[in-house]
Amino acid sequence: MNWLAHLYLSEPTPAFRLGNLLPDLASAAALVHLSAEFQAGIRCHRRIDAFTDAHPIFRRSIARLGPPFRRFGGVLVDIFYDHVLAREWLSFAATPLPEFAADVYASFDAQWSYIPMDARERLQAMRETDWICSYRDIAGITEALTRIGARLHRPTDLAASVPILEAEYEGFRADFGEFFTQLIAHVGPAGGHPG
């Protein structure tokens, strides 16, 4: 799952939420000395990823991509699922997405001195350009995939996969709905799930 799902499945504390993002932003070595509350979020992140990567519904979504994008399937489906979550946010949370995102962004400052240096630039960019809410729109995920593709060892136009999402939208949406309820149950009380 990508960042919005990780945040949704976090306890509503700044350190836990950030811990649930940091494994995608910093090296494991940079995370080992963080406090116990950060570590709880880091463990939650890894638990979510392990469950997701092995799940047959997630694998089914990857199979929808076909070549040449299947080799990037995990990354693409993470983003596609976050898009569906952002679009259907109020089916899962009572707090509107912009309000939730603003609360997340505001929480960064108090924790800034603890955040590994290699994560700060991307967190700042996330806040300044509101990546969380941008996932609601096709343009937002296109931009996200462009950023991710540019960071790969061999830069790749991942945004070129967006027409597949559009063509197979109802399939991805159905996969997400079936999968996400199982993920919520798997994470259980560790996740705060916005009210």
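Residues numbered from 1 in each chain as written. Predicted model: local features only at pLDDT ≥ 70, side-chain atom pairs only at ≥ 80, totals over all residues. Heavy atoms only, no water.

(A) Representation of the overall build of the chain within the structure. When its secondary structure is counted, the chain shows 12 helices and zero strands. Going residue by residue from the N terminus, the α and β elements of the chain occur as α-α-α-α-α-α-α-α-α-α-α-α. For 195 residues, the compact-globule estimate of 2.2 N^0.38 gives 16 Å, and the C-alpha radius of gyration of the chain, at 16 Å, lies within 12% of that figure. Once the C-alpha set of the chain is aligned to its principal axes, its extents read approximately 45 × 35 × 30 Å. Buried positions account for 50% of the 195 residues belonging to the chain. Considering only contacts in the chain between residues 6 or more positions apart, those separated by 24 or more positions represent 68%. About 8800 Å² of surface is accessible on the chain, with carbon and sulfur atoms providing 56% of the total. Mean positive and mean negative side-chain charge positions of the chain (18 and 23 charges, respectively) differ by 5 Å. (Helix = DSSP H or I, 4+ residues; strand = E, 2+ residues; numbered from the N terminus. Rg over C-alpha atoms; globule rule 2.2 N^0.38 Å. Buried < 20%, exposed > 50% of the residue type's maximum accessible area, 1.4 Å probe, protein only. Contact = heavy atoms within 4.5 Å. Areas by Shrake-Rupley, 256 points an atom, 1.4 Å probe, with all protein chains shown as cover. Lys, Arg positive; Asp, Glu negative; His and termini not counted. Charge placed at Lys NZ, Arg CZ, Asp CG, Glu CD.)

(B) Region of interest: unusual backbone geometry. Between Pro 67 and Pro 68 the backbone carries a cis peptide bond, its omega angle lying at 5 degrees. Secondary-structure assignment places Pro 68 in the loop between α5 (56-63) and α6 (73-87). Phi at Asp 130 is positive, roughly 50 degrees, even though this residue is not glycine. Mapped onto the secondary structure, Asp 130 falls in the loop between α8 (117-128) and α9 (131-134).

(C) Spatial organisation of the packing of helix α4 (residues 36-54) against helix α12 (residues 169-187). Where α4 contacts α12, the two axes come as close as 11 Å, and the packing angle between them is 140 degrees. Here α12 runs oblique to α4, going by the angle between their axes. Crossing angle aside, the handedness with which α4 passes α12 is right-handed. Counted together, Cys 44, Arg 47, Ile 48, Phe 51 and Thr 52 of α4 and Phe 179, Gln 182, Leu 183, His 186 and Val 187 of α12 form the full contact between these two elements. Per-class residue counts for the contact of α4 with α12 are six nonpolar, three polar and one charged. (Axes fitted to C-alpha atoms, helices over the stretch in contact; angles between N-to-C directions. Parallel < 35°, antiparallel > 145°, perpendicular 65-115°, else oblique. Left-handed = near helix turned anticlockwise from the far one by under 90°. Nonpolar A, V, L, I, M, F, W, Y, C, P; charged D, E, K, R; others polar.)

(D) View of the packing of α6 against helix α10 (residues 138-151). Contact geometry of α6 with α10 gives a least axis separation of 10 Å together with a crossing angle of 155 degrees. With respect to each other, α6 and α10 are oriented roughly antiparallel. Relative to α10, the crossing made by α6 is right-handed. Facing α6, whose interface residues are Val 75, Leu 76, Ile 79, Phe 80 and His 83, α10 presents Ile 138, Ile 141, Ala 144, Leu 145 and Ile 148. The residue inventory of the contact of α6 with α10, partitioned by class, reads nine nonpolar, one polar and no charged.

(E) Geometry of the pattern of salt bridges. Considering all chains together, one arrives at nine salt bridges under this definition. Notably, a salt bridge pairs Arg 127 with Asp 109, separated by 3.0 Å at the nearest N-O pair. With Arg 127 in helix α8 and Asp 109 in helix α7 (residues 97-111), this pair connects stretches of sequence that are 18 residues apart. Connected via shared salt-bridge partners are Arg 60, Arg 64, Glu 168, Asp 175 and Glu 178. (Salt bridge = Lys/Arg side-chain N within 4 Å of Asp/Glu carboxyl O.)

(F) The arrangement of the side chain of His 55 in detail. Relative to the elements of secondary structure, His 55 occurs in the loop between α4 and α5. Taking the relative accessible area as the measure of exposure, His 55 reaches 8% and is therefore buried. Residues in contact with His 55, not counting those within four places in the same chain, are Phe 179 and Gln 182.

(G) Structural context of the environment of Tyr 105. Within the secondary structure, Tyr 105 sits in helix α7. Tyr 105 sits in the buried class, given a relative accessible area of 8%. Considered as a pair, Tyr 105 and Glu 128 are 23 residues apart in the sequence and their alpha carbons are 9.0 Å apart. Those residues in contact with Tyr 105, other than ones at most four positions away along the chain, are Met 126, Arg 127, Asp 130, Trp 131, Ile 132 and Cys 133.

Without other data, these values stay purely geometric and don't point to any function.
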